[in-house]
Amino acid sequence: QVQLVESGGGLVEFGGSLRLSCAASGSVFSINDMGWYRQAPGKEPELVARIISGASADYADSVKGRFTISRDYAKSTVFLEMNNLKPEDTAIYYCNVWVQFQRGGIRYEYWGQGTHVTVSS
């Protein structure tokens, strides 16, 4: 079993910053990809950022230059540093993690419970 615990969401004014974290716990062979999705009210879910196994990072065009994803490999934790926040960033942010339970095994997907981010204007 793998459990993801998210934290760091909240209410922030336009231009402010927040730092989200997602800690994975459980016995796994390896944690591969870690990333963040978000879903705003009335909108479709979208990928915000992800770190692919090997440490390469991808970002949505809307957050490039403002958000930074990082990972603490020793603590199995992924972070999302969000700067210069805009009202358009208001959404529920979900941590997404892919793991393997054995070498060469199937990759399994897990989701965090979601953390609310609200940016006021």
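Because the structure is a prediction, the values reported are computed rather than measured.

We now examine the overall build of the chain. Counting secondary structure elements, the chain contains zero helices and 11 strands. Listing every helix and strand of the chain by position from the N terminus yields β-β-β-β-β-β-β-β-β-β-β. Over its C-alpha trace the chain gives a radius of gyration of 14 Å, about what one expects of a compact globule, namely 14 Å for 121 residues. Projecting the C-alpha coordinates of the chain onto the three principal axes gives extents of approximately 50 × 25 × 25 Å. Going through the 121 residues of the chain one by one, you find that 40% of them count as buried. Contacts spanning at least 24 positions in sequence make up 56% of the contacts within the chain whose residues lie at least 6 apart. About 6,700 Å² of surface is accessible on the chain, with carbon and sulfur atoms providing 49% of the total. One way to put it: in the chain the 11 positive side-chain charges average out to a point 6 Å from where the 12 negative ones average out.

Turning next to the nonpolar core. Formed by 29 residues in total, the largest nonpolar core has its most connected members in Trp36, Val48, Phe67, Leu80, Met82 and Tyr93. At the level of secondary structure, the elements contributing two or more residues to this core comprise β3 (18-25), β4 (30-39), β5 (46-52), β7 (67-72), β8 (77-82), β9 (91-100) and β11 (115-120). If you tally residues by element for this core, the top one is β9, at five residues.

Another point: the environment of leucine 20. Structurally, the position occupied by leucine 20 is in strand β3. Here leucine 20 falls in the buried class, since its relative accessible area comes to 0%. Apart from the residues within four sequence positions on either side, leucine 20 is in contact with Ser7, Gly8, Gly9, Trp36, Val78, Phe79, Leu80, Met82, Tyr93, Thr115 and Val117.

Strands in a sheet are paired, the pairing made by backbone hydrogen bonds, and the direction either parallel or antiparallel. Taken together, four strands build an open sheet; the order of strands is β1-β3-β8-β7 and the sheet is antiparallel. Both edges of this open sheet fall to β1 (3-7) and β7, since each of them pairs with a single strand only. The sheet shows a mean angle of 15° between the axes of neighbouring strands, direction not considered.

Our next topic: the side chain of threonine 77. If you trace the backbone, threonine 77 turns up in strand β8. Given the relative accessible area of 9%, threonine 77 is considered buried. At 3.0 Å, the side chain of threonine 77 and the backbone oxygen of lysine 75 are in polar contact.

What follows covers unusual backbone geometry. Even without being glycine, serine 76 reaches a positive phi, approximately 50°. Along the chain, serine 76 turns up in the loop between β7 and β8. At asparagine 84, a position not held by glycine, the phi torsion is positive, near 50°. Its location among the elements puts asparagine 84 in the loop between β8 and β9.

Successive side chains on a regular strand alternate, one facing one side of the sheet and the next facing the other. Along β11, the buried face is formed by Thr115, Val117 and Val119; none of His116, Thr118 and Ser120, which line the opposite face, is buried. Bridge analysis of strand β2 (residues 10-13) against β11 gives four bridges, and the strand direction is parallel. Looking across to β11, one finds that valine 12 is bridged to valine 119. As defined by bridge partners, β9 adjoins β11 across three bridges and the pair is classed as antiparallel. Note on β11: the bridge partner recorded for isoleucine 92 is histidine 116.

Quick notes on the rules
- Residues numbered from 1 in each chain as written.
- Predicted model: local features only at pLDDT ≥ 70, side-chain atom pairs only at ≥ 80, totals over all residues.
- Heavy atoms only, no water.
- Helix = DSSP H or I, 4+ residues; strand = E, 2+ residues; numbered from the N terminus.
- Rg over C-alpha atoms; globule rule 2.2 N^0.38 Å.
- Buried < 20%, exposed > 50% of the residue type's maximum accessible area, 1.4 Å probe, protein only.
- Contact = heavy atoms within 4.5 Å.
- Areas by Shrake-Rupley, 256 points an atom, 1.4 Å probe, with all protein chains shown as cover.
- Lys, Arg positive; Asp, Glu negative; His and termini not counted.
- Charge placed at Lys NZ, Arg CZ, Asp CG, Glu CD.
- Core = buried A, V, L, I, M, F, W, Y, C linked by side-chain atoms within 4.5 Å.
- Pairing = 2+ DSSP bridges.
- Axes fitted to C-alpha atoms, helices over the stretch in contact; angles between N-to-C directions.
- Polar contact = N/O pair within 3.5 Å; in protein donor to acceptor, adjacent residues only side chain to side chain.

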